[in-house]
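What follows is each chain in one-letter form.
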Amino acid sequence: GNKYSCFELTVNDHIGNLVLSRPNELNTMSRDFWVELGEVLEEIDRNSDIRVVIMSSTGKHFCAGMDLSAFSNGVEDISEDKKPDHARIGEAVYRVAKELQGYISKLEKIRVPVIAAIHGGCIGGAVDLVTACDIRLASSDSFFCIQEINIGMAADVGTLQRLPKIIPDSKMREMAYTGRRMYAPESKETGLVSDVHEAQEAMLSAANDLAKEIASKSPVAIYGLK
């Protein structure tokens, strides 16, 4: 069976389909998610049959970002009646964020291009995930949100480094400072995504066509380009 709990990986015609597979948890980035992301990317990198990867997701949202409860260690010592305050959770998350950046950077380092096929919400840490991919496609119900300001912490699993290379700096700062949502039409207009498709099915079909085209090229030349 599938050896990952947060992902499913299948390979067809030189195309690796990497699917975020915890729809009931909105595919949040738990500790397992991060560990498995590193493992699955290594598996992809070792498999010479794979020439391109499509990363897609399941359920209502592509990925709702960090699972904060998984990173609030050291915050449990607060007395029962007080909920852990966001600043302290933020600090706990920040401590592990640097390590997590390494996992996301693997997306940039593997030898094959990665196409992100995004539907629904792409929130917080998920923005980092997709900005580390080579190509982004979205469905019309998608939105992007640099969530961290809404919970009183500084965004940082790499978003602030990657995003301004993709969209204008001013727009990135506006999103980071306000925590507002950028919907599909704006994401295409700013160049965050290459294209927007009506529904997830149409988007996945387009992603597959694009992947086939890439897989037909010389893998060595593609690796050199990447």
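Because the structure is a prediction, the values reported are computed rather than measured. (Residues numbered from 1 in each chain as written. Predicted model: local features only at pLDDT ≥ 70, side-chain atom pairs only at ≥ 80, totals over all residues. Heavy atoms only, no water.)

Asks: What is the right way to read unusual backbone geometry from this model?
Replies: Located in the positive-phi region is D13, a residue other than glycine, with phi close to 50 degrees. Its place among the elements puts D13 in the loop between strand 1 (7-12) and strand 2 (15-20). At N27, a residue that is not glycine, the phi angle is positive and equals roughly 55 degrees. Residue N27 is classed as buried on the basis of its relative accessible area of 1%. (Helix = DSSP H or I, 4+ residues; strand = E, 2+ residues; numbered from the N terminus. Buried < 20%, exposed > 50% of the residue type's maximum accessible area, 1.4 Å probe, protein only.)

Asks: Would you explain the nonpolar core in this entry?
Replies: One broad trend across soluble globular proteins is that nonpolar side chains are buried collectively. Counting residues in each nonpolar core, the largest one holds 49 residues, and the members touching the most others are F33, W34, I44, M55, F62, L129 and F144. Among the elements that take part in this core, helix 1 (residues 31-46) stands out by supplying six residues, more than any other. Contact partners of M55, with chain neighbours within four places excluded, come to L18, L20, F62, L107, V114, I115, A116, A117, L129 and C133. Core analysis: the second largest hydrophobic core is formed by 12 residues, V52, I54, A117 and A215 among them. (Core = buried A, V, L, I, M, F, W, Y, C linked by side-chain atoms within 4.5 Å. Contact = heavy atoms within 4.5 Å.)

Asks: Would you take a moment to explain the confidence of the model for the protein chain for this structure?
Replies: As a general rule, the predicted coordinates of low-pLDDT regions are not to be interpreted in detail. With 86% of its residues at a pLDDT of at least 70, the protein chain reaches an overall mean of 89. Counting interchain partners and residues more than four positions distant, the pLDDT-below-50 stretch residues 74-81 has nine contacts. (pLDDT = per-residue confidence, 0-100.)

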